[in-house]
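# Analysis of the macromolecular model
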Amino acid sequence: MKLVVLLMLGLAGANCARIQSRVAEDCNPDICNSQSCRCFNPGVTPGGLSPQDIPQIVLVTFDDAVTSLLYSNYYSDAFANRQNPNGCPVGATFFMSHEYSDYESVNKLWNSGHEIALHSITHTSSPDYWTQATADELAKEFNDQRDMIAHFANIPSADISGLRTPFLLLGGDATFQMITDNNFLYDCSWPTQSFVGKGLYPYSLDYKSNQDCNVGVCPTESHPGAWVLPMVDWIGANGYACAMVDTCVSGATGANELLEFIKTNFHRHYDNYREPFGFYVHAAWFNTNSTNYEAFKMFLDYVGTLNDAYVVTAKQAIEWTRNPTNTGGAANTFGCPAKEPAVCNKRTCNLQKPGEGERIMVSCVDCPPNYPWLGNPLGQ
């Protein structure tokens, strides 16, 4: 009996040591300096490059469902014939939720060189659902959604590597455990007010992060291989920080004034450390006022006049951070996507969502027998 107790205590102690060893330690940049590891280190540029030699990364991201209406009214128009300085098409990132998404439109976006990323299957509105979920529960929302998108949009699963949690509600260490357990690359759900204008680049969670935690629950453990793409806040005309463009107070009364507001936030990056500049928005913002869409396109026009600014995907921003190049090398780093086109054999599926009624889902493959949802991502 005594031997059994000692063995149990030993196992408990070993388990305790394992848990303690996961607590993130302060980062030593002399150790964490490879392509797979980067310290949280505001003001330190990747590769030690001088800011004026760094290509300004511009990240345009959209949250929520990719509908056929949004595609035809905005996405297909806004990016048409736009090129980066190297002649390659600009790229945006779509953090898409499942319900009401049109998978033919998703297929078209992917074929055009944009990044398809994850925003959950259910997009449940309860904050506790996201902040208290386990890694396994989050995997059902995000890993299963990867399978869902790859299947119904007929695009490669391996190309889906990033996520943003609904309402930016991180689930602490469970979120990043889920990321590493399922071979995702990055999360882009973590806003910062404290490091606006202070040169905060993407970093890995091998070691401790000192980023401010204003929304959700932030991680305290070590998660080697998981990258954070910080959402550096804008500053509204009222002096308040805002992570999403559609929550900012601009004070603008027309497209030209709104453009100047956008440019003020852009130049806080471009004129200083040149950390990635995020234009994070819900496309519904375009519907609220035609001025918003007009100013957005004017901003893309403005960026197009700069020979050292690149509109690229979130994944490309992480890849550049891991393998930084100066403006001269950016032409190769942000090269034109070389991939086989993904075929879409459009199917319009009339399905029943249990307890809620009919859902019409456009798929690139045969319709499933049941509505795809949490726990049954392929609708089997």
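Just so we're clear, the structure is a prediction, and the values are computed from it rather than from any experiment. (Residues numbered from 1 in each chain as written. Predicted model: local features only at pLDDT ≥ 70, side-chain atom pairs only at ≥ 80, totals over all residues. Heavy atoms only, no water.)

### Comments concerning the overall build of the protein chain
Secondary structure assignment for the protein chain yields eleven helices and 15 strands. Taking 380 residues into account, the globule formula puts the C-alpha radius of gyration at 21 Å, and the protein chain, at 22 Å, falls close to it. For the protein chain, the spread of C-alpha atoms along the three principal axes comes to 80 × 55 × 40 Å. Burial analysis of the protein chain (380 residues in total) assigns 52% to the buried set. In the protein chain, the proportion of contacts linking residues at least 24 apart, taken out of those at least 6 apart, comes to 70%. (Helix = DSSP H or I, 4+ residues; strand = E, 2+ residues; numbered from the N terminus. Rg over C-alpha atoms; globule rule 2.2 N^0.38 Å. Buried < 20%, exposed > 50% of the residue type's maximum accessible area, 1.4 Å probe, protein only. Contact = heavy atoms within 4.5 Å.)

### Section: the packing of aromatic side chains
Enumeration according to the criterion identifies 33 aromatic pairs in this entry. Geometrically, the ring pair formed by Phe-266 and Phe-299 is edge-to-face, given 5.6 Å between the ring centres and 75° between the ring planes. Residue Phe-266 is located in helix α7 (residues 255-270), and its partner Phe-299 is located in helix α9 (residues 290-303); the two are separated by 33 residues in the primary sequence. Of the two residues, Phe-266 and Phe-299, both sit in the buried class. Taken together, a centroid distance of 6.2 Å and an interplanar angle of 90° make the contact between Phe-266 and Tyr-302 edge-to-face. Linking Phe-266 in helix α7 with Tyr-302 in helix α9, this pair joins segments that are 36 residues apart in sequence. (Phe/Tyr/Trp six-rings, centres within 6.5 Å; stacked < 30°, edge-to-face > 60°.)

### Let's talk about the side chain of Ser-363
Along the chain, Ser-363 turns up in strand β15 (residues 357-363). For Ser-363, a relative accessible area of 0% translates into the label buried. Polar contacts involving the side chain of Ser-363 include one to the main-chain carbonyl oxygen of Val-365, which spans 2.9 Å. (Polar contact = N/O pair within 3.5 Å; in protein donor to acceptor, adjacent residues only side chain to side chain.)

### Details of the environment of Met-361
By secondary structure assignment, the location of Met-361 is in strand β15. Sequence-distant contacts of Met-361, defined by excluding residues within four places in its chain, comprise His-98, Ser-101, Tyr-103, Phe-152, Arg-347, Thr-348, Cys-349, Leu-351, Pro-368 and Pro-372.

### Some points on the packing of helix α5 (residues 135-152) against helix α6 (residues 173-181)
Between α5 and α6, the least distance of the axes is 8 Å, while the angle of their chain directions is 60°. The angle between the axes of α5 and α6 places the two elements in the oblique class. In terms of crossing hand, the pair formed by α5 and α6 is right-handed. Touching Ala-135, Leu-138, Ala-139 and Phe-142 of α5 are Ala-174, Thr-175, Gln-177 and Met-178, all from α6. A class-by-class count of the residues in the contact of α5 with α6 yields six nonpolar, two polar and no charged. (Axes fitted to C-alpha atoms, helices over the stretch in contact; angles between N-to-C directions. Parallel < 35°, antiparallel > 145°, perpendicular 65-115°, else oblique. Left-handed = near helix turned anticlockwise from the far one by under 90°. Nonpolar A, V, L, I, M, F, W, Y, C, P; charged D, E, K, R; others polar.)

### Quick look at α5
With 18 residues, α5 should cover 26 Å at 1.5 Å per step; its first-to-last C-alpha distance of 25 Å lies within 8% of that length. Of all bends in α5, the biggest is about 25°, found at Gln-145. Counting buried positions over the 18 residues of α5 gives 13, a clear majority of the element. Remark: Asn-154 follows α5 within two positions and exhibits a positive phi of approximately 55°. (Expected span 1.5 Å × (residues − 1). Bend = angle between axes of the 7 residues up to and from the residue.)

### Topic: α9
For α9, spanning 14 residues, the distance from its first C-alpha to its last is 20 Å, which sits close to the expected 20 Å at 1.5 Å a residue. Buried within α9 we find Thr-291, Asn-292, Tyr-293, Ala-295, Phe-296, Phe-299, Leu-300, Tyr-302 and Val-303. On its buried side, α9 packs onto β1 (56-63), α2 (68-78), α7, β12 (277-282), α8 (284-288) and β13 (309-312). Put simply, Asn-289 is the residue that caps the front of α9, since its side-chain oxygen is 2.8 Å from the backbone nitrogen of Thr-291.

### Things to note about the state of the cysteines
According to the stated counting rule, one finds seven disulfides in the structure shown. In this model, Cys-88 is linked to Cys-336 through a disulfide, with the two sulfur atoms separated by 2.0 Å. Negative torsions about the S-S bond denote left-handed disulfides, and the value of about -90° found for Cys-88 with Cys-336 makes this one left-handed. With a gap of 248 residues between them, Cys-88 in the loop between α2 and β2 (93-96) and Cys-336 in the loop between α11 (330-333) and β14 (347-353) connect regions that are remote in the sequence. The class for Cys-88 is buried, based on a relative accessible area of 4%. No disulfide involves Cys-188; its sulfur sits 13 Å from that of Cys-218, the nearest cysteine. (Disulfide = S-S within 2.5 Å.)

### As for the pairing of β1
With eight of eight residues buried, β1 is to be regarded as a mostly interior element. Judged by which residues are buried, β1 turns out to be covered on both faces: Gln-56, Val-58, Val-60 and Phe-62 on one side and Ile-57, Leu-59, Thr-61 and Asp-63 on the other are all buried. Where β1 and β13 come together, four bridges link them in parallel fashion. When the sheet's bridge partners are listed, Val-58 is paired in β13 with Val-311. As judged from the three bridges shared by β1 and β2, these two strands associate in the parallel manner. The residue bridging Asp-63 from the neighbouring strand is Phe-95, located in β2. (Pairing = 2+ DSSP bridges.)

### Things to note about unusual backbone geometry
The phi angle at Asn-154 is positive, at roughly 55°, despite the residue not being glycine. Summarising the element assignment, Asn-154 is placed in the loop between α5 and β4 (162-163). Positive phi outside glycine occurs at Asn-183, with the angle close to 60°. By the element assignment, Asn-183 lies in the loop between α6 and β5 (186-187).

Keep in mind that these numbers describe shape and distance, not what the molecule does.
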